[in-house]
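Secondary and tertiary structure notes
Here are the chains, one letter per residue:
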Amino acid sequence: MNVKRWVALIVAGVLLLFSLGINTIFALFKADFLGNFDSLMAGNNLDVYENVIEGDNYDKRIAYLKVDGTIQDIGSSSLWQPVAYDHQFFLDQLDNILYDDTIQGIVLSVNSPGGGVKESAEIYKKLLKIKEERQIPIYVSMDSMAASGGYYISAPADKIFAHRDTITGSIGVIMQSINYQALAEKVGVKFETFKSGEHKDMLSPMRDVTPEERAMMQDMINETYEEFVDIVEQGRNMSEADVKKVADGRILGGTKALEAGLVDEIGDEEAAIAALRADFGLEDAALFEYAYDMGGWQSYVGMKIGSMFGPSAEEKMLMKIMTDYNAPKMMYLYGEY
């Protein structure tokens, strides 16, 4: 390692220690003078803390949550590499709410095309548990998109707000695989497969799907689809027939979704927050959101260290290509994401 790299490493270490000290002092100062110390220790996850957005009543509070991006568990954000949507961090927020008696309502902002069946179900179940055990209202504010899995996690809400131009709906399940057998044969690539059973290589990219396998896969899709329909029925108090009128995978704008009974009102995020406050006597309740870290110097230093010693853009692309491959799986997902 050359001298410049050693110097850079030492400087980065000093800056990191300095930033951690500064942020700890600021956090304690803020907690002490704003009466927000308990928020640093809220719930059962000590790694999250809270930012107050508005309001000054800390005995009755509203949690502002946001699902922004594809609902997939692809790892957690770190000092080195943040992710667009951190599934585990979002589940931690829901766990905190479950055990925090000061929280009297939730505003959930959804801007997502959906995602994995498993991940969407995890969010839905935790939201349902909060409603049943805490008996607090959940209002959803749909952003530009709340489709498929994005609608799935919105369904249990007490009231759903959407913009007129929100893309929502896409109620259904999709599963895709790729078949490059003809291309491989054209370039002279041949795969040798050894398997313990006839269907062990189902959905292999190197052979066609058999009629029997197609029927098996369709049964899986149909079962998961019916579960999605049930979720909408229960959440929206709709009949199965009414849900299935629009549950053919189609997308709807906000106005059409209102007509179909999938949303309650046309309005933005501010309207959803104002309605929750008015409907449940929470006019002066503190509205807050959970946060990852202390920000400021810590984020800046982390970014600099990552740029100096983290992988290059080419290495990141190679790692993504190597780690992103997965077997086909069922998705509550709209569009190519």
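In case you missed it, the structure is sitting above this.
Residues numbered from 1 in each chain as written. Predicted model: local features only at pLDDT ≥ 70, side-chain atom pairs only at ≥ 80, totals over all residues. Heavy atoms only, no water.

1. Some words on helix H7 (residues 211-236)
- In a regular helix each residue adds 1.5 Å, so 26 residues correspond to 38 Å; H7 covers 37 Å between its end C-alpha atoms and thus fits that length.
- Inspection of H7 places Glu213, Met217, Ile221, Thr224, Tyr225, Phe228, Val229, Ile231, Val232, Glu233 and Arg236 among the buried residues, and these make up the whole buried set.
- In the core, the buried residues of H7 are packed alongside helix H4 (117-134), helix H5 (149-152), strand E6 (159-162), helix H8 (240-244) and strand E11 (331-333).
- Just beyond H7, the residue with positive phi is Asn237, at close to 55°. (Helix = DSSP H or I, 4+ residues; strand = E, 2+ residues; numbered from the N terminus. Expected span 1.5 Å × (residues − 1). Buried < 20%, exposed > 50% of the residue type's maximum accessible area, 1.4 Å probe, protein only. Contact = heavy atoms within 4.5 Å.)

2. Section: the packing of aromatic side chains
- What the rule picks out here adds up to eight aromatic pairs.
- Arranged with centres 4.7 Å apart and planes meeting at 25°, the rings of Tyr152 and Tyr332 form a pair that is stacked. Residue Tyr152 is found in helix H5, and its partner Tyr332 is found in strand E11; the two are separated by 180 residues along the sequence. Grouping residues by exposure puts Tyr152 and Tyr332 together as buried.
- Their ring planes at 85° and their centres at 5.2 Å tell us that Phe288 and Tyr290 sit as a pair that is edge-to-face. The two residues Phe288 and Tyr290 agree in class, both being buried.
- Three or more aromatic residues link up through ring pairs in this structure, and these residues are Tyr124, Tyr152, Phe228 and Tyr332.
- Looking at Arg61, its charged tip hangs above the ring of Phe288, at a distance of 4.1 Å from the centre. (Phe/Tyr/Trp six-rings, centres within 6.5 Å; stacked < 30°, edge-to-face > 60°. Lys NZ or Arg CZ within 6 Å of the ring centre and 35° of its normal.)

3. Regarding the environment of Pro156
- Checked against the element boundaries, Pro156 lands in the loop between H5 and E6.
- For Pro156, a relative accessible area of 6% puts it in the buried group.
- Expressed as a C-alpha distance, the spacing of Pro156 and Gln234, which sit 78 residues apart in the sequence, is 7.6 Å.
- Leave out the neighbours within four places in its chain, and Pro156 touches Tyr124, Leu127, Leu128, Lys131 and Gly235.

4. Considerations on the nonpolar core
- In this structure, Leu65, Ile97, Ile123 and Leu262 are the most contacted members of the largest nonpolar core, which totals 53 residues.
- Excluding its chain neighbours within four sequence positions, the residues that come into contact with Ile123 are Ile71, Tyr85, His87, Phe90, Leu91, Leu94 and Ile153.
- In terms of nonpolar packing, the next biggest core, distinct from the first, is built from 12 residues, Val107, Ala272, Leu276 and Ala285 among them. (Core = buried A, V, L, I, M, F, W, Y, C linked by side-chain atoms within 4.5 Å.)

5. A short note on the side chain of Ser120
- Here Ser120 shows up in helix H4.
- Taking relative accessible area as the criterion, Ser120 reaches 0% and is therefore assigned buried.
- Ignoring any residue separated from it by four or fewer positions in sequence, one finds Ser120 in contact with Ile71, Gly115, Gly149, Tyr152, Ile153 and Tyr332.

6. Digging into the pairing of strand E3 (residues 103-112)
- Counting buried positions along E3 yields nine of 10 residues, so the element is predominantly enclosed.
- One ladder, built from six bridges, connects E3 with strand E5 (residues 138-147); its direction is parallel. Counterpart to Leu108 in the pairing with E5 is Val140. (Pairing = 2+ DSSP bridges.)

7. Notes on helix H3 (residues 87-98)
- Spanning 12 residues, H3 covers 17 Å between terminal C-alpha atoms, matching the ideal 16 Å at 1.5 Å per step.
- In terms of residue burial, H3 counts as a mostly covered element, since 11 of its 12 residues are buried.
- Of the positions making up H3, those classed as buried are His87, Phe89, Phe90, Leu91, Asp92, Gln93, Leu94, Asp95, Asn96, Ile97 and Leu98.
- On its buried side, H3 packs onto strand E2 (57-68), E3, H4 and strand E10 (285-291).
- Residue Asp86 occupies the N-cap position of H3, its side-chain oxygen lying 3.4 Å from the main-chain nitrogen of Gln88. (Polar contact = N/O pair within 3.5 Å; in protein donor to acceptor, adjacent residues only side chain to side chain.)

8. Regarding the pattern of salt bridges
- Evaluation of the coordinates by the stated rule reveals 19 salt bridges.
- Salt-bridge contacts for Lys131 lead to Asp158; the nearest nitrogen and oxygen are separated by 3.6 Å. With Lys131 in helix H4 and Asp158 in the loop between H5 and E6, this pair connects stretches of sequence that are 27 residues apart.
- What you see here is one network of salt bridges that share partners, running through Lys195, Asp201, Arg207 and Glu213. (Salt bridge = Lys/Arg side-chain N within 4 Å of Asp/Glu carboxyl O.)

9. Thoughts on the packing of H3 against H4
- Packing of H3 against H4 brings their axes to within 10 Å, and their N-to-C directions diverge by 10°. By the criterion of interaxial angle, the relationship of H3 to H4 is roughly parallel. Within the contact between the two elements, H3 uses His87, Phe90, Leu91, Leu94, Asp95, Ile97 and Leu98 and H4 uses Glu119, Glu122, Ile123, Lys126, Leu127, Lys129, Ile130, Glu133 and Arg134.
- Of the residues belonging to the contact of H3 with H4, the class tally is eight nonpolar, one polar and seven charged. (Axes fitted to C-alpha atoms, helices over the stretch in contact; angles between N-to-C directions. Parallel < 35°, antiparallel > 145°, perpendicular 65-115°, else oblique. Nonpolar A, V, L, I, M, F, W, Y, C, P; charged D, E, K, R; others polar.)

These results come straight from atomic positions and should not be treated as a statement about function.
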